[in-house]
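Report on the structure
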Amino acid sequence: VQLQASGGGLVQAGGSLRVSCAASGRAFMTYYIGWFRQAPGKEREFVAAISWSGSTTKYADSVKGRFTISRDNAKKTAYLQMNSLKADDTAIYYCAAAQSGGLATPDRDSYYDYWGQGTLVTVSS
């Protein structure tokens, strides 16, 4: 599967933005989807994940209550709605897809088989 992240941009602190992850391939609905981010000079970190059916979601503590992950399997697209954005949310946001995950958990890089190219989100304070 190939993933294309989009929707990043410049937003003021306190504002909202939705980033999307469009997938190619026929098996999108069987993949677990995750969002990660990498800020300048920092390691990539987990943001959110959603199961194939959308019934299970997981969030990093830093975004819980502000971000919402969702997916539309018919459109082969996953979304990350980001509200109450802070300057600390500035990063390149990556989406990833996992078929089975192996022994890892969805908050770990190693869980995922495929990665998109990233979209830049800049929050001005």
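Residues numbered from 1 in each chain as written. Predicted model: local features only at pLDDT ≥ 70, side-chain atom pairs only at ≥ 80, totals over all residues. Heavy atoms only, no water.

1. Here we look at the overall build of the chain
Scanning the chain from terminus to terminus reveals zero helices and 11 strands. The linear arrangement of helices and strands in the chain, starting from the amino end, is β-β-β-β-β-β-β-β-β-β-β. Taking 2.2 N^0.38 as the reference for a compact globule, 125 residues should give roughly 14 Å; the C-alpha atoms of the chain span a radius of gyration of 13 Å, in line with that estimate. On the principal axes, the C-alpha backbone points of the chain span a range of 40 × 30 × 25 Å. By residue count, 43% of the 125 residues in the chain fall in the buried class. By sequence separation, contacts in the chain at least 24 residues apart represent 57% of the contacts at least 6 residues apart. Split by element, the accessible area of the chain, about 6500 Å² in all, is 47% carbon and sulfur. Between the mean site of the 13 positive side-chain charges and the mean site of the 9 negative ones, the chain shows a separation of 6 Å. (Helix = DSSP H or I, 4+ residues; strand = E, 2+ residues; numbered from the N terminus. Rg over C-alpha atoms; globule rule 2.2 N^0.38 Å. Buried < 20%, exposed > 50% of the residue type's maximum accessible area, 1.4 Å probe, protein only. Contact = heavy atoms within 4.5 Å. Areas by Shrake-Rupley, 256 points an atom, 1.4 Å probe, with all protein chains shown as cover. Lys, Arg positive; Asp, Glu negative; His and termini not counted. Charge placed at Lys NZ, Arg CZ, Asp CG, Glu CD.)

2. With respect to the environment of Gly-116
Along the chain, Gly-116 turns up in the loop between β10 (114-115) and β11 (119-124). The class for Gly-116 is buried, based on a relative accessible area of 11%. In this structure the C-alpha to C-alpha distance between Gly-116 and Tyr-94, which are 22 residues apart in sequence, comes to 5.9 Å. Not counting chain neighbours up to four residues away, the residues in contact with Gly-116 comprise Leu-3, Tyr-94 and Cys-95.

3. Notes on the packing of aromatic side chains
Using the criterion set out here, one finds seven aromatic pairs in the structure. Ring geometry for Tyr-31 against Tyr-114: centres 5.9 Å apart, planes inclined by 70 degrees, an arrangement best described as edge-to-face. Here Tyr-31 is found in the loop between β3 (17-23) and β4 (32-38), whereas its partner Tyr-114 is found in strand β10, with 83 residues between them in sequence. Exposure remark for Tyr-31: the relative accessible area of 6% places this residue in the buried category. Seen from their ring centres, Tyr-32 and Tyr-111 are 5.5 Å apart, and the 80 degrees between their planes marks the pair as edge-to-face. Here Tyr-32 is found in strand β4, whereas its partner Tyr-111 is found in the loop between β9 (91-98) and β10, with 79 residues between them in sequence. Taking the relative accessible area as the measure of exposure, Tyr-111 reaches 9% and is therefore buried. One aromatic cluster is present, formed by Tyr-32, Phe-36, Phe-46, Tyr-111, Tyr-112 and Trp-115 through successive ring pairs. The ring centre of Tyr-94 lies 5.9 Å from the NZ or CZ of Arg-44, which sits over that ring. Between the NZ or CZ atom of Arg-71 and the centre of the ring of Phe-28, over which it lies, the distance is 4.7 Å. (Phe/Tyr/Trp six-rings, centres within 6.5 Å; stacked < 30°, edge-to-face > 60°. Lys NZ or Arg CZ within 6 Å of the ring centre and 35° of its normal.)

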